[in-house]
Amino acid sequence: MGENFDGIKQTARKIQAAVAGSGQESSDSDQGLPQRGITAEEEALYYGYACLTEEEKEVYRQFAAGIEEFQTEIPVTAVDTDRLEKIIKMVMTDHPEYFWADGTCSFSYRELPSGEVSDLSIRPEYQADREEARQLKAQIETKADQWISQIPEGADTYQKIKFVYETLISQVHYRQDSAQNQNIRSVFLEGSTVCMGYAKATQYLLNRMGIFCTLVTGTAGEDNVSHAWNLVQIGSQYYYVDTTWGNPGYQNPEEEDLYISYSYLCCTDEEIRDTHRPDEIMPLPACTDDSYNYYRNQGCFYNSFDREELYQLIQRELEQGAEATEMKFSTQYAYEEAVDAIVRGSLIENAVQNSTALLPGTAYSWRTFYGTNDRLLVIVWR
């Protein structure tokens, strides 16, 4: 979050030429137009495609075929421009691998005397030519496959999603001025990006493993800044993933290497709705299952503040040599009580001083991180 991304955009240019003389009010010129084939396995991953009508799906396949062939002018079955813009958005939503295009297009068509549209063509803008894109694509795929190869054998869907989340946060810096930050080039080739790059790379890696993940765009935070995140599926349930917000570096670059926030890994509508507001580009399924709440499953999720409980937690963490101690709270009230006791109070000092892990002549130092929207408090030990 924090940047205004270009996102998926279109510019329309209308060319009218009324049909005269014959009175013909339809055109057969769109018959037999090239289309991109979509397998059953791919269709299960393309959420934008699934949101379209059969006629719109045909235009989607035609436009996708043209993008893959770097056509300067792509003829498609005639639809009205509002529907065409939606179709283009769905193609760009489904295909993070199309890094050489961002959906910026102009249109040309004939308007028949009846008001119907004929001879519709799309003229996309490209950020790379065919040969450059071919070389970059090979580099991206090599890097992606290197990361994927590090996933432990036998990992389930959640573990693969978690791996991608952790890898992108740890390997890619959040930089608003990063080059090519609206596509996956910034992630795999530059090692720095913004929210759109994180979201598209998350989708690209998971789709490459056959895991459903789609792009979600909208706004986030108190200032309603343009933002991008993801929707994933595990079994029959859907969850949101925001890789950007999992990286503390998007708020403070000095913090990005200290810890990962798992508050935005496989979270529910309830957990994300106060801060994330999706666009109404496509309908989104309900996300109600909290089975993969990381902090609850790790035993560090608290419904209330209990000073003695957290005192014992800190002592256990010190004895076990933990690098960081995480505490996630279900309510703002409990969170503020914990912040008051741990950050402003003496709870940490008392726990350290009475810990059996503190040997004579040694000392502990720590940093605390708090104040984000997810009611997460982290102590990083040194």
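See the structure shown above.
Residues numbered from 1 in each chain as written. Predicted model: local features only at pLDDT ≥ 70, side-chain atom pairs only at ≥ 80, totals over all residues. Heavy atoms only, no water.

Visitor: Break down the packing of helix H3 (residues 54-68) against helix H4 (residues 81-94) for me, citing the residues and quoting the values.
Guide: Taken N-terminus to C-terminus, the directions of H3 and H4 make an angle of 60°; their axes are 9 Å apart at the nearest point. Considering the angle they form, H3 stands oblique to H4. Once H3 is placed against H4, the crossing between them reads as right-handed. On H4, the residues touching Glu55, Glu56, Val59, Tyr60, Phe63 and Ala64 of H3 are Arg83, Leu84, Lys86, Ile87, Ile88, Met90, Val91, Met92 and Asp94. Here the contact of H3 with H4 is composed, by residue class, of ten nonpolar, no polar and five charged. (Axes fitted to C-alpha atoms, helices over the stretch in contact; angles between N-to-C directions. Helix = DSSP H or I, 4+ residues; strand = E, 2+ residues; numbered from the N terminus. Parallel < 35°, antiparallel > 145°, perpendicular 65-115°, else oblique. Left-handed = near helix turned anticlockwise from the far one by under 90°. Contact = heavy atoms within 4.5 Å. Nonpolar A, V, L, I, M, F, W, Y, C, P; charged D, E, K, R; others polar.)

Visitor: Which residues make up H3, and what values go with them?
Guide: Compared with an ideal rise of 1.5 Å per residue, which puts 15 residues at 21 Å, H3 spans 21 Å between its outermost C-alpha atoms and is within 8% of the ideal. Taken residue by residue, H3 has Glu56, Lys57, Val59, Tyr60, Arg61, Gln62, Phe63, Ala64, Ala65, Gly66 and Ile67 as its buried positions. Elements that come into contact with the buried residues of H3 comprise helix H1 (40-43), helix H2 (47-50), strand S1 (74-76), H4, strand S2 (101-111) and strand S3 (117-126). (Expected span 1.5 Å × (residues − 1). Buried < 20%, exposed > 50% of the residue type's maximum accessible area, 1.4 Å probe, protein only.)

Visitor: I'd like to hear about the sheet that holds strand S8 (residues 237-241), residue by residue, with values.
Guide: If you trace the four strands from one edge of the open sheet to the other, you get S8-S7-S6-S9, paired in antiparallel fashion. A single partner strand is all that each edge strand has here, and the edge strands are S8 and strand S9 (276-278). Strand-to-strand twist of the sheet, defined as the mean angle between neighbouring strand axes without regard to direction, takes the value 45°. Examined bridge by bridge, strand S6 (residues 213-220) and S9 share three bridges and lie antiparallel to one another. (Pairing = 2+ DSSP bridges.)

Visitor: Which residues make up the environment of glycine 221, and what values do they have?
Guide: Position of glycine 221 relative to the elements: it lies in the loop between S6 and strand S7 (225-234). When its relative accessible area of 11% is taken as the criterion, glycine 221 is described as buried. For the pair formed by glycine 221 and asparagine 373, sequence separation is 152 residues and the distance between their alpha carbons is 8.4 Å.

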